[in-house]
Amino acid sequence: MKYSNATNYALHTMVYLTIQQGEKLVGVQELADMQRLSPTYLSKILTKLAKAGLIESTPGAKGGYKISRTKHDISFLDVINAIEGETSLFDCTIHHEGCLIENVMRNAEENMKTELKSRLLVDIAKEAEAGMKKS
């Protein structure tokens, strides 16, 4: 199982925006440069995050992006769902009642979702800020 690169970039973007929250709007170029990405590619990711209500954008020369919700309300799962969607990771190819394999896989997926929902971006942002201050 592997999440897409877009999810990786979205999580890094969201942590960065969480650190910047309240300070300023962050432009797409700054976000792209931080991750060594094309601004065009990152814009597609930002659009998905905005559609999910995680960020908002302000157009114009002094525009940019910022977190649109309280930073204590955004989990890893929120970001992953914004990029990957909320579909199941496993679908049994043999359709029959009470598939034991499907039950195990769905249980594991629910455990993973519970963990990702409990992990907030703000916690990672605090760790990242502490690391930056030590450097």
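Predicted model only: the values in this text are computed from it and were never measured.

A. Here's a closer look at the nonpolar core. In this structure, M14, L31, L49, I55, V79 and L121 are the most contacted members of the largest nonpolar core, which totals 30 residues. Among the secondary structure elements, those contributing two or more residues to this core are α1 (5–20), α2 (28–35), α3 (39–51), β2 (64–67), α4 (76–84) and α6 (121–134). Sort the elements by how many residues they give to this core and α1 lands first, with 8 residues. When residues no more than four places from it in sequence are discounted, the contact partners of I55 are M14, L17, L46, L49, A50, Y65, K66, I67 and S68.

B. Molecular detail of α3. Across its 13 residues, α3 extends 18 Å between first and last C-alpha, which sits within 8% of the 18 Å expected from 1.5 Å per residue. Every buried residue of α3 is listed here: L42, I45, L46 and L49. Angularly, the buried residues of α3 cover 100 degrees about the axis, an arc narrow enough to put them on a single face. Looking at α3, the residues exposed on the side facing more than 90 degrees away from the buried face are T40, K44 and K51. Each element contacted by the buried residues of α3 is listed here: α1, α2, β1 (55–58), β2 and α4. Positive phi appears at G53, one or two residues downstream of α3, with a value of about 80 degrees.

C. Region of the structure containing the packing of aromatic side chains. What the rule picks out here adds up to 1 aromatic pair. Geometrically, the ring pair formed by Y9 and Y41 is edge-to-face, given 5.9 Å between the ring centres and 90 degrees between the ring planes. Placement of Y9 in helix α1 and of Y41 in helix α3 is noted, with a sequence separation of 32 residues between them.

D. Structural view of unusual backbone geometry. Although it is not a glycine, R36 sits at a positive phi angle of roughly 55 degrees. Inspection of the secondary structure assignment puts R36 in the loop between α2 and α3.

E. Fine view of the pattern of salt bridges. Under the definition given, this model contains 6 salt bridges. Residue R106 pairs with D91 through a salt bridge whose shortest N-O separation is 3.7 Å. In this pair, R106 is assigned in helix α5 (residues 100–118) and D91 in the loop between α4 and α5, connecting sequence segments 15 residues apart. R106 gets classed as partly exposed once you look at its relative accessible area, which sits at 34%. Between K113 and E109 there is a salt bridge, and its shortest N-O distance comes to 3.6 Å. Here K113 pairs with E109, and both are found in helix α5, just 4 residues apart, close to one helical turn. A single network of salt bridges, built from pairs that share partners, joins D91, E102 and R106.

F. Quick look at α1. The end-to-end C-alpha distance of α1 is 23 Å, a good match for the 22 Å that 16 residues give at a rise of 1.5 Å each. The element α1 is largely enclosed, with a buried count of 12 among its 16 residues. Along α1, the positions that sit buried rather than exposed are A6, T7, A10, L11, T13, M14, V15, Y16, L17, T18, I19 and Q20.

Cut-offs used in this document
- Residues numbered from 1 in each chain as written.
- Predicted model: local features only at pLDDT ≥ 70, side-chain atom pairs only at ≥ 80, totals over all residues.
- Heavy atoms only, no water.
- Core = buried A, V, L, I, M, F, W, Y, C linked by side-chain atoms within 4.5 Å.
- Buried < 20%, exposed > 50% of the residue type's maximum accessible area, 1.4 Å probe, protein only.
- Helix = DSSP H or I, 4+ residues; strand = E, 2+ residues; numbered from the N terminus.
- Contact = heavy atoms within 4.5 Å.
- Expected span 1.5 Å × (residues − 1).
- Arc of directions from axis to C-beta.
- Phe/Tyr/Trp six-rings, centres within 6.5 Å; stacked < 30°, edge-to-face > 60°.
- Salt bridge = Lys/Arg side-chain N within 4 Å of Asp/Glu carboxyl O.

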